Amino acid sequence: MDTVVAADRTVPDPPRRRRPVVTALTRGQGLVGVLLLAGVALAGLLAHWIAPFDPNAQIPGANLLGPSAEHWFGTDEVNRDVYSRVLHGIRINLQIILIAVPIGALVGSLLGLISTLHPVTDVVAQRLFDVVLAFPALILAIALAAIVGPGALTVGIVIVVAEIPMFGRTVRTQVLRIRELPYVEAAEVIGASRWWTLRTHVLPNASEPLAVQLALSMSVAVFVESAMSFIGIGVRPPEPSLGSIVADAVPNLDANPMFAIGPLAVIAALVLGFLLIAQALGSARRT
């Protein structure tokens, strides 16, 4: 009799027929995305060694030169090598988004988990998310820059705040969905604690949509950082940023089109890389 009861109280593990993340990122569009990001990130990481000039050095007699063997992307209006500035701008861009997006993901995920614990916390968290989503990221950036001033810190704060509701609502939706699955209900029936159920069943199954959201948020963060620097409220000059380089290039497109094409191509490669990874992870999850 005891054996029968013990068997009845045993909760079978849920089926785990999943396509591994590693496999998704080593085939097709996932591999293309990884290679794009790896190439751009490596160029930014090695900027100190492979950049032919100091990014802020003014080269005598090199005013708005076109592309050449010495200056791949030409020079700007104050005689600086554009290619060197783009390489250093990649590093600054990636530093900001690789710090800010995970922080926003962590805070948003915690708020999303807390919102599922009680109806009151759910209402408070959802209204908080609504308030943040009511303000476009660029409007929020302008308001914050007016208070604390432009700079990399301002860009990071804007990205963190903008990503909190995205991850919060993703986690909340997944937790509410997974809690209704039979094996989770069975675990609760036999007396499993809420923390054990959350750690063992809910969070592992919610990790896949979070990975997709993380890749999407990285692509959005590239745009946010570039846009803020483009309008002058991001990374402060003379430090190079991809957005500020494009802004400097706009009045000089006739003299040197590569002045703008170079940084725009890098921004496009970053965004496309993250989007391809997100699409590959999403396809793996559906499979």
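Keep in mind that what you see is a predicted model, and the values were worked out from it rather than measured.

Colleague: Is there a simple way to think about the overall build of the chain in this case?
Modeller: Helix and strand counts for the chain come out as twelve helices and zero strands. For the chain, restricting intrachain contacts to residue pairs at least 6 apart in sequence, the fraction spanning at least 24 positions comes to 70%. Surface exposure of the chain reaches about 14800 Å², of which carbon and sulfur atoms provide 69%.

Colleague: Quick question: what am I supposed to make of the pattern of salt bridges here?
Modeller: It is possible for side chains of opposite charge to pair when their charged atoms get near one another. A complete count under the given rule lists four salt bridges for this structure. When the shortest N-O distance is used, the salt bridge between Arg172 and Asp122 registers 2.7 Å. With a gap of 50 residues between them, Arg172 in helix 8 (residues 152–178) and Asp122 in helix 6 (residues 119–133) connect regions that are remote in the sequence. For Arg172, a relative accessible area of 21% gives the class partly exposed. Of the residues examined, Asp122 reaches a relative accessible area of 17% and is grouped as buried. Close ionic contact of Arg127 with Asp130 constitutes a salt bridge, the shortest N to O distance being 2.8 Å. Separated by three residues within a single helix, Arg127 and Asp130 lie in helix 6, roughly one turn from each other. Judged by its relative accessible area of 45%, Arg127 is partly exposed.

Colleague: I keep staring at a nonpolar patch on the surface and nothing clicks. Help me out?
Modeller: There is a patch of nonpolar side chains on the surface, built from Val131, Phe135, Leu138, Ile139, Ile142, Phe230, Ile231 and Val250 and spanning about 710 Å² of accessible area. Looking at which element gives the most residues to the nonpolar patch, the answer is helix 7 (residues 137–148), with three residues. Looking at the secondary structure, you find Ile139 in helix 7.

Colleague: Honestly, the packing of aromatic side chains in this entry has me stumped. Any pointers?
Modeller: For any pair of aromatic rings, the description consists of the separation of the ring centres together with the inter-plane angle of the planes. The final tally for this structure, using the stated rule, is two aromatic pairs. A centroid spacing of 5.4 Å and a plane angle of 90° characterise the contact between Phe73 and Tyr83, whose relative ring orientation is edge-to-face. You can see Phe73 sitting in the loop between helix 4 (47–50) and helix 5 (82–115) and its partner Tyr83 sitting in helix 5, a full ten residues away along the chain. We note that Phe73, like Tyr83, is buried.

Colleague: Sorry, what's going on with the packing of helix 5 against helix 6 here?
Modeller: How two helices sit against one another is set out by the angle between their axes and by the gap between those axes. Two elements in contact, helix 5 and helix 6, have axes whose closest approach is 8 Å; the angle formed by their N-to-C orientations is 145°. Side by side, helix 5 and helix 6 meet where Leu111, Gly112, Ile114 and Ser115 of the first sit next to Thr121, Asp122, Ala125, Gln126, Leu128 and Phe129 of the second. Split by residue class, the contact of helix 5 with helix 6 holds five nonpolar, four polar and one charged.

Colleague: Teacher, can you tell me more about helix 3 (residues 28–45) here?
Modeller: Three or four residues apart is the spacing at which side chains of an α-helix point the same way, because the helix has 3.6 residues per turn. Along its 18 residues, helix 3 runs 26 Å from first to last C-alpha, staying within 8% of the 26 Å computed at 1.5 Å per residue. Where helix 3 is concerned, the buried positions are Gly30, Gly33, Leu37, Val40, Ala43 and Gly44.

Colleague: I would appreciate a short explanation of the nonpolar core in the present structure.
Modeller: What tends to happen in soluble globular proteins is that the nonpolar side chains get buried as a cluster. Within the largest apolar cluster, 54 residues are counted, with the highest numbers of intra-cluster contacts made by Val86, Ile97, Ile159 and Leu270. Listing elements by their share of this core, those giving two or more residues are helix 3, helix 5, helix 6, helix 7, helix 8, helix 10 (194–230), helix 11 (242–249) and helix 12 (258–286). Sort the elements by how many residues they give to this core and helix 12 lands first, with twelve residues. If sequence neighbours within four positions are ignored, Ile97 has contacts with Pro102, Ile159, Met218, Ala221, Val222 and Phe274.

Colleague: Looking at this structure, how should I read the environment of Ala284?
Modeller: Tracing the chain through its elements places Ala284 in helix 12. According to the relative accessible area criterion, Ala284 is buried, its value standing at 8%. Separated by 260 residues in sequence, Ala284 and Ala24 place their C-alpha atoms 6.1 Å apart.

Colleague: I keep staring at the side chain of Ser217 and nothing clicks. Help me out?
Modeller: Mapped onto the elements, Ser217 comes out in helix 10. Apart from residues lying up to four places away in sequence, Ser217 is in contact with Val101, Glu163 and Phe167.

Colleague: Even after reading the chapter, I still don't get unusual backbone geometry, so can you show me in this structure?
Modeller: Of all residues except glycine, most have a negative phi; of all peptide bonds, most are trans. Following Pro237, the chain continues to Pro238 via a peptide bond in cis, the omega torsion being 5°. Tracing the backbone shows Pro238 in the loop between helix 10 and helix 11. Phi at Leu64 is positive, roughly 50°, even though this residue is not glycine. As for its placement among the helices and strands, Leu64 is situated in the loop between helix 4 and helix 5.

Colleague: Help me understand the environment of Ser207 in this model?
Modeller: Residue placement: Ser207 occurs in helix 10. Between the C-alpha atom of Ser207 and that of Val171, which follows or precedes it by 36 residues, the distance is 8.9 Å.

Conventions adopted
Residue positions are given per chain, counting from 1 as you read along its sequence in written order. Local features in a predicted model are, by the rule used here, given only for residues with pLDDT of at least 70; side-chain atom pairs are given and counted only at 80 or more, and totals for whole chains, interfaces and linings are based on all residues. Excluding hydrogens and water, the side-chain figures rest on all heavy atoms present in the structure. Counting from the N terminus, the helices are the DSSP runs of H or I reaching at least four residues and the strands are the DSSP runs of E reaching at least two. Throughout, a residue-residue contact means that at least one pair of heavy atoms, one from each residue, lies within 4.5 Å. For every accessible area listed, the method is Shrake-Rupley and the probe measures 1.4 Å; residues are considered covered only by the protein chains on display. Salt bridge, as used here: a side-chain nitrogen of Lys or Arg that lies within 4 Å of a carboxyl oxygen of Asp or Glu. Remark: exposure states derive from per-residue accessible area (1.4 Å probe, protein chains only) relative to the maximum for the residue type, with buried under 20%, exposed over 50%, and partly exposed in between. Patch rule: a residue counts if its relative accessible area is over 30% and it has no salt bridge; like charges are joined within 9 Å, and nonpolar side chains (Val, Leu, Ile, Met, Phe, Trp, Tyr) within 5 Å. For this analysis, a ring pair means two rings from Phe, Tyr or Trp (six-membered ring only for Trp) whose centres lie within 6.5 Å, classed as stacked if their planes differ by under 30 degrees, edge-to-face if by over 60, and tilted for the remaining angles. Axes here mean lines fitted to C-alpha atoms, for a helix over just the part in contact, with angles spanning 0 to 180 degrees between N-to-C directions. Amino acids are sorted into nonpolar (Ala, Val, Leu, Ile, Met, Phe, Trp, Tyr, Cys and Pro), charged (Asp, Glu, Lys and Arg) and polar (every other residue, Gly among them). A helix's residues, less one, multiplied by 1.5 Å, set its expected span. Put simply, a nonpolar core is a bunch of buried Ala, Val, Leu, Ile, Met, Phe, Trp, Tyr and Cys residues held in one set by side-chain atoms that sit within 4.5 Å of each other.

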